[in-house]
Number of protein chains: 4
Amino acid sequence: MPSNERRYVIKLGCPDRTGIVAKIAGFLTEAGGWIVEADYHSDPDTNWFFTRQEVRADSLPYGVVELRKRFALVARELSGQSDWSIVDTGAKRRVVILVSKEGHCLYDLLGRVHSSELDIDIRAVIGNHTDLASITRAHGIPFHHVPFPVADPEGKVAAFAQLRQLVDANSPDAIVLARFMQVLPTELCADWAGRALNIHHSFLPSFVGARPYHQAHKRGVKLIGATCHYVTAELDAGPIVEQDVIRVDHDDSVADMVRKGRDIEKVVLARGLRWHLESRILVHGNKTVVF
Amino acid sequence: MPSNERRYVIKLGCPDRTGIVAKIAGFLTEAGGWIVEADYHSDPDTNWFFTRQEVRADSLPYGVVELRKRFALVARELSGQSDWSIVDTGAKRRVVILVSKEGHCLYDLLGRVHSSELDIDIRAVIGNHTDLASITRAHGIPFHHVPFPVADPEGKVAAFAQLRQLVDANSPDAIVLARFMQVLPTELCADWAGRALNIHHSFLPSFVGARPYHQAHKRGVKLIGATCHYVTAELDAGPIVEQDVIRVDHDDSVADMVRKGRDIEKVVLARGLRWHLESRILVHGNKTVVF
Amino acid sequence: MPSNERRYVIKLGCPDRTGIVAKIAGFLTEAGGWIVEADYHSDPDTNWFFTRQEVRADSLPYGVVELRKRFALVARELSGQSDWSIVDTGAKRRVVILVSKEGHCLYDLLGRVHSSELDIDIRAVIGNHTDLASITRAHGIPFHHVPFPVADPEGKVAAFAQLRQLVDANSPDAIVLARFMQVLPTELCADWAGRALNIHHSFLPSFVGARPYHQAHKRGVKLIGATCHYVTAELDAGPIVEQDVIRVDHDDSVADMVRKGRDIEKVVLARGLRWHLESRILVHGNKTVVF
Amino acid sequence: MPSNERRYVIKLGCPDRTGIVAKIAGFLTEAGGWIVEADYHSDPDTNWFFTRQEVRADSLPYGVVELRKRFALVARELSGQSDWSIVDTGAKRRVVILVSKEGHCLYDLLGRVHSSELDIDIRAVIGNHTDLASITRAHGIPFHHVPFPVADPEGKVAAFAQLRQLVDANSPDAIVLARFMQVLPTELCADWAGRALNIHHSFLPSFVGARPYHQAHKRGVKLIGATCHYVTAELDAGPIVEQDVIRVDHDDSVADMVRKGRDIEKVVLARGLRWHLESRILVHGNKTVVF
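Residues numbered from 1 in each chain as written. Chains lettered and ligands numbered in written order. Predicted model: local features only at pLDDT ≥ 70, side-chain atom pairs only at ≥ 80, totals over all residues.

What follows is about the overall build of chain A. Summing up its helical and strand segments, chain A has eight helices and 13 strands in all. Taking 19 Å as the expected radius of gyration for a compact globule of 291 residues, we find that chain A reaches 21 Å, a close match to that expectation. Overall, the C-alpha framework of chain A stretches about 60 × 40 × 40 Å when taken along its three principal axes. Split into buried and exposed, the 291 residues of chain A put 44% on the buried side. (Helix = DSSP H or I, 4+ residues; strand = E, 2+ residues; numbered from the N terminus. Rg over C-alpha atoms; globule rule 2.2 N^0.38 Å. Buried ≥ 20, exposed ≤ 12 C-beta atoms within 10 Å, placed from the backbone.)

Okay, the sheet that holds strand S7 (residues 143–145) of chain D next. Residue and element names in this part refer to chain D. Pairing within the open sheet is mixed, and its seven strands lie in the order S7-S6-S5-S8-S9-S10-S11. Strands at the two margins of the open sheet, each flanked by one partner only, are S7 and strand S11 (240–247). Between one strand axis and the next, the sheet turns by 20° as a mean value, whatever way the strands run. Taken together, the seven bridges between strand S10 (residues 223–230) and S11 define a ladder with antiparallel strand orientation. Considered in S11, the bridge of Ile 224 is made with Ile 246. Sheet contacts for helix H8 (residues 254–277): strand S8 (174–177), strand S9 (196–200), S10 and S11; angle to S11, the most-contacted strand, approximately 155°. (Pairing = 2+ DSSP bridges. Axes fitted to C-alpha atoms, helices over the stretch in contact; angles between N-to-C directions. Contact = placed C-beta atoms within 7 Å.)

In this section: helix H7 (residues 212–219) of chain C. Residues and elements named next belong to chain C. Listed in full, the buried residues belonging to H7 are Pro 212, Tyr 213, Ala 216 and His 217. Down the axis, H7 shows its buried residues gathered within 140° of arc, on one side only. Lining the buried residues of H7 we find strand S10 (223–230) and helix H8 (254–277). Two residues or fewer past H7, Gly 220 is found with a positive phi of approximately 75°. (Arc of directions from axis to C-beta.)

This part is about the interface of chain C and chain A. Across the contact, 22 residues belong to chain C and 22 residues belong to chain A. Mapped by element, the contributors of at least two residues to the side of chain C that touches chain A are strand S11 (240–247) and strand S13 (287–290) of chain C. Among the residues making up the side of chain C that touches chain A, the classes are represented as nine nonpolar, seven polar and six charged. (Nonpolar A, V, L, I, M, F, W, Y, C, P; charged D, E, K, R; others polar.)

Okay, the interface of chain D and chain B next. Across the boundary between the two partners, chain D contributes 22 residues, which contact 22 residues of chain B. Contributions of two or more residues to the side of chain D that touches chain B are made by S11 and strand S13 (287–290) of chain D.

Here we come to the relation of the copies chain D and chain B. Once chain D is rotated about the relating axis by 180° and shifted along it by 0.0 Å, it coincides with chain B to within an RMSD of 0.0 Å. What the superposition gives is, in effect, a two-fold axis relating one chain to the other. Taking C-alpha positions as the reference, the residue of chain D nearest the rotation axis is Ser206(D), at 2.5 Å. A shared binding surface is used by both copies, with 100% of the interface residues of chain D retained as interface residues in chain B. (Least-squares fit on C-alpha atoms with pLDDT ≥ 70 in both.)

Another point: the sheet that holds strand S8 (residues 174–177) of chain A. Strands belonging to one sheet form pairs held by backbone hydrogen bonds; the direction of such a pair is parallel or antiparallel. Residues and elements named next belong to chain A. The strand order across the open sheet built from seven strands is S7-S6-S5-S8-S9-S10-S11, with neighbouring strands paired in mixed fashion. Edge positions in the open sheet fall to strand S7 (143–145) and strand S11 (240–247), since each of these has one partner strand only. Ignoring which end each strand starts from, the neighbouring axes of this sheet average 20° apart. Packed on one face of the sheet, helix H3 (residues 104–114) meets strand S5 (94–99), strand S6 (121–127) and strand S9 (196–200) and runs near 155° to S5. Running at roughly 155° to S11, helix H8 (residues 254–277) makes contact with S8, S9, strand S10 (223–230) and S11 of the sheet.

Geometrically, the link from Leu204(A) to Pro205(A) is a cis peptide bond, its omega value of 10° lying close to zero. Of note in the backbone geometry, Ala151(B) takes a positive phi value of approximately 55° without being a glycine. Summarising the element assignment, Ala151(B) is placed in the loop between strand S7 (143–145) and helix H5 (153–168). Exposure remark for Ala151(B): the 6 C-beta atoms within 10 Å place this residue in the exposed category. Despite not being glycine, Ser116(D) shows a phi value in the positive range, around 70°. As for its position among the elements, Ser116(D) is in the loop between helix H3 (104–114) and strand S6 (121–127).

Further remarks concern the domain arrangement of chain A. All names here are of chain A. Once the domains are mapped, chain A shows domain 1 (7–88) and domain 2 (94–290). Taking only C-alpha atoms, the centre of domain 1 and the centre of domain 2 are 31 Å apart. Residue-level contacts link ten residues of domain 1 with six residues of domain 2. Broken down by class, the residue content of the side of domain 1 that touches domain 2 amounts to four nonpolar, four polar and two charged. (Domains from an automatic or database assignment.)

Looking now at the relation of the copies chain C and chain A. Superposition record for chain C on chain A: RMSD 0.0 Å, screw rotation 180°, translation along axis 0.0 Å. Counting the interface residues of chain C, we find that 100% of their copies in chain A are interface residues as well, pointing to one common contact surface.

Let us now look at the pairing of S9(A). All names here are of chain A. Counting buried positions over the five residues of S9 gives five, a clear majority of the element. Side chains of S9 alternate between two faces, with Ala 196, Asn 198 and His 200 and Leu 197 and Ile 199 buried alike. Across three bridges, S8 lies against S9 in parallel orientation. Across the sheet, the residue bridging to Leu 177 is Asn 198, located in S9. Where the polypeptide runs from S8 across helix H6 (residues 186–191) and back to S9, its parallel neighbour, the crossover connection is right-handed. (Right-handed = clockwise from strand over helix to strand, strands pointing away.)

Our focus in this paragraph is the environment of Ala190(D). Residue and element names in this part refer to chain D. Relative to the elements of secondary structure, Ala 190 occurs in helix H6 (residues 186–191). A residue is classified by how many C-beta atoms lie within 10 Å of it, and Ala 190, with 12 of them, is exposed. Here the alpha-carbon distance between Ala 190 and Ala 233, two residues 43 residues apart in the chain, equals 7.2 Å.

The terminal C-alpha atoms of H8(A) lie 33 Å apart, and with 24 residues this matches the ideal 34 Å at 1.5 Å per residue to within 8%. At the exit of H8(A) stands Ser279(A), carrying a positive phi of roughly 55°. (Expected span 1.5 Å × (residues − 1).)

All names here are of chain A. Inspection of the secondary structure puts Gly 80 in the loop between helix H2 (64–78) and strand S4 (83–88). Assessed through the 9 C-beta atoms surrounding it within 10 Å, Gly 80 is described here as exposed. Considering only alpha carbons, one finds Gly 80 and Cys 14, 66 residues apart in sequence, at a separation of 8.4 Å.

Residues and elements named next belong to chain C. With five of six residues buried, strand S5 (residues 94–99) lies mostly within the body of the structure. With six bridges joining them, S5 and strand S6 (residues 121–127) adopt parallel strand pairing. Residue pairing in the sheet places Val 96 in a bridge with Ala 124 of S6. Between the parallel elements S5 and S6, the chain passes through helix H3 (residues 104–114) in a crossover that is right-handed. Bridge count between S5 and strand S8 (residues 174–177): four bridges; the pairing is parallel. Within S8, the position partnered with Val 95 by the bridge is Ala 174.

This part covers the environment of Glu30(D). Within the fold, Glu30(D) resides in helix H1 (residues 20–30). When the 10 C-beta atoms within 10 Å are taken as the criterion, Glu30(D) is described as exposed.

Moving on to the packing of helix H7 (residues 212–219) of chain B against helix H8 (residues 254–277) of chain B. Residues and elements named next belong to chain B. As a packed pair, H7 and H8 sit with axes 9 Å apart at the nearest point and diverge in direction by 125°. Relative to H8, the element H7 is oriented oblique. Remark: the crossing between H7 and H8 carries right-handed chirality. Residue-level inspection shows Tyr 213, His 214, Ala 216 and His 217 of H7 in contact with H8, the latter providing Val 254, Met 257, Val 258 and Gly 261. Counted by class, the contact of H7 with H8 contains five nonpolar, three polar and no charged residues. (Parallel < 35°, antiparallel > 145°, perpendicular 65-115°, else oblique. Left-handed = near helix turned anticlockwise from the far one by under 90°.)

This paragraph deals with the packing of H3(A) against H8(A). A packed helix pair is summarised by two numbers, namely the angle formed by the two axes and the spacing between the axes. All names here are of chain A. Taken N-terminus to C-terminus, the directions of H3 and H8 make an angle of 50°; their axes are 9 Å apart at the nearest point. Put simply, H3 runs oblique to H8. In this structure, H3 meets H8 at a crossing whose hand is right-handed. Contacts between H3 and H8 involve His 104, Cys 105, Asp 108, Leu 109 and Arg 112 on the former and, on the latter, Arg 262, Glu 265, Lys 266, Leu 269 and Ala 270. Among the residues forming the contact of H3 with H8, the class breakdown is four nonpolar, one polar and five charged.

A word on the confidence of the model for chain A. When the pLDDT values of chain A are averaged, the result is 95; 99% of them are 70 or greater. The ipTM assigned to the predicted complex is 0.94, against a pTM of 0.96. (pLDDT = per-residue confidence, 0-100.)

Written out as structure tokens, the structure reads:
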């Protein structure tokens, strides 16, 4: 995505020890691999090692399937606990977006796709309201309306089943909750783990849950924030991918905070999504390494 | 715009002296005016006084026409040099947007209108290319294509004449150059003075003119910026309305800077436009007071 | 403090109604008062009005005592609930600083006094450790050591009594807890209400209490913060005066966060103290208006 | 400096090609080297490769002298143009600071040394005024006064000769111009190349030269900045190490800008110095890579 040049992106996490860099670099060099970008991180607290490598696809004598087969051996030699993946940037990443009524994040993502900044395939936008159907379809993207009945637990279960089917049918690399105002059931969180990105409109862990701008206004904070995180079963408690803040003062009503906050929600979500799709994020426990 | 409540917004600049606040406040209070927001600034360098007042329309016993007539007397008593205006927020502000190929600022503004964050009337979008015709029309807004011939001075003059006609026909309160890549002729700058807002993709006065991100990359700066300013005859030298920056590092190519820079261009332009339309900006010499 | 020119600073909070601005401005203008700076704020939620006015002392025909007497009448006419004060910038503000071992905030404040940026009279520095005695005395400021015994409740009570005596003997306009690591007893919080400023090393309300950087590191946040607030009986829950944040990433250990955090603690505390001493802060309920 | 653990820090720049990472990592791994931190960067514009590696000293079977001898062979094999260095964190870094009258940067650095945040040996502070003699000596650091006569070119030459002698006698790893207001002669710039760090009180390349805050005030910018750069013969044009900005508005006089600007000057200089002493900065042409 960062360039038109096709690349293979290797991500690996494993217990730390000497020689990991040499082993991986040696493996790639032997095969003639041209490493375009390489990042490493050792976490002394968990004694875990993280790396991400971008290799020019045309520098290797084989394709991604063979690379995966060969790298699996390297990873296994490093540790039985190695957690790795290899992504081929030649394949367009598939994205499904979930929305409710607020359109600022969707508009922002559509604008980035239109400008080719995000070279992704938005397979579908799914909304529990129809407010964003028309802007979605104006971009030639299917919009699905899945209404969520209020105070009807069974109806909700059915709605989530329909939602899941619509999402899963597209095998998305990322499921983006772009101000989607329904709380995902635990099993969906589990099945979409590591692929579902949410934008929460506060600087977590402050102001978890509903109406965070109201909470912020009540507490009289001088900065408001937004947090992009992976969705987990515990509400607003998943691994944090990115955060940012914007200044407010006594003059700002809740409505002003909502308005100002949108500008950081948009950009924080867009950065998080970009990093996710570029395979820059490694999750370990409840924390992220972002290369 | 900040609320559904109708208001009259008074802006005044005049030579500084004692008693200005008392005079204006006294005038408004006598008429029963409920001042919702009031700002004052004295500039010791130029000995100039600036104020902006928001009054609830329903608190006055007369309308905006009468208010203007009466306030004119107050302003004249304060000084023969008083420069003032009164805007009625009940009348929707009219905006014309000029674009070229880059769509991020236009998308951003359309998104803000869609969400009702900007409650404005975009009368037309005019482009010297057609890239943004379809997204414009998807919002029910007229798009006009005015091609600018390369290396054809006479053709350019004709194009600007057509552009001007299309703009002026809409009597816009703001003319937004949303990454419009043609330099306005001096007489247009003069005629649109105080109404034409440009977004320049650098932290002015650094990197005036063409390809500022290339200049920034070459110089090795650690932050890049964007500047919203009023258009004047001297290129990129008009009164600055708003600026912001974003961090870059040695890893960022020119293309990365272009991408990151867009996120601040959008928000800086949107803030500048909002403040302009809310009558928050007072220009004095080549500087702005933003209340 | 902002200038060598002597000024009277009027702060007022009262229930909102029409005509307040006119009344105050009229009162000052009648006396010939030259208003150098004027700020107003109406809070629609609490229906409360706030103002701060800076008047040139030499523009009034009387001194601060008479001004207070006359303004008292104005304030009372506005409302029986008016809460106001008038400060004479001609009198140097008196400050007492409480410290423990960490010296970055003290160094920072001493540097600002040395450069005349803060034109204040630091009457004393009081520490429950002696680490900062020598730098304090090098500036000709008395340092008092008040040890706080561990696990000795009675000893603590005695220590706080001694601390209080040392502080109160100086009648300070501000009591600065510059990383003072003892929790003030409730009655001291009450007696010093509105004068005791604390710097907490987190972006409140996140990470209240002990070891906030450890908490932040554990949660994996991408920004850390600092908060300057007035001390109240509830720990880290007083009215927030100022906050700021700095970016961290997965590479940052707790020690790195401590180091980076210091840079914002210093500046946030210094801003808060400056605003307090310039009479820029109006507290209402648990929130602040900062003009 | 980042830890008490002794480390060897390897910096290398050379023409880019495949296999560099593998070669260096292989060399270190063979010797049993435990790489604690590793960074890489390829610059496609200049086709240059940069790396920095931190190795635990106790993981190698030999000392820094032998490491340098052996690494020299590796570097030469990579390219005849390799530019590299190896620093032993066990040896305290030596620093000389040049000052004039303004003390905020000096205070800041002294505070960081006092708190052990900067574990460095400040060999001397040299001032062309005596304002900062007393605070320097209160820290047990020698202060040298080298007056610079006004309008006396020969006197200036003599003063610079004396300055140079005082600096060079300490063989400093860094020469810090902490708001030193004399322009270094070309030959000093050359001899101290890559070791002399300046803090300029503007966001370069805006407002080069004298009185940048006055220039900024005149232009009406909405943010002011500070830049830490290596000193070169061309004034304020050396490789930029770090920059930051702070918001200002129409209310800020030049004096306010000076005051606000100090807070970023301090922190930008401290960051730049830290990175320099941690061998994090690689200069190539007029740009820096900061790992």
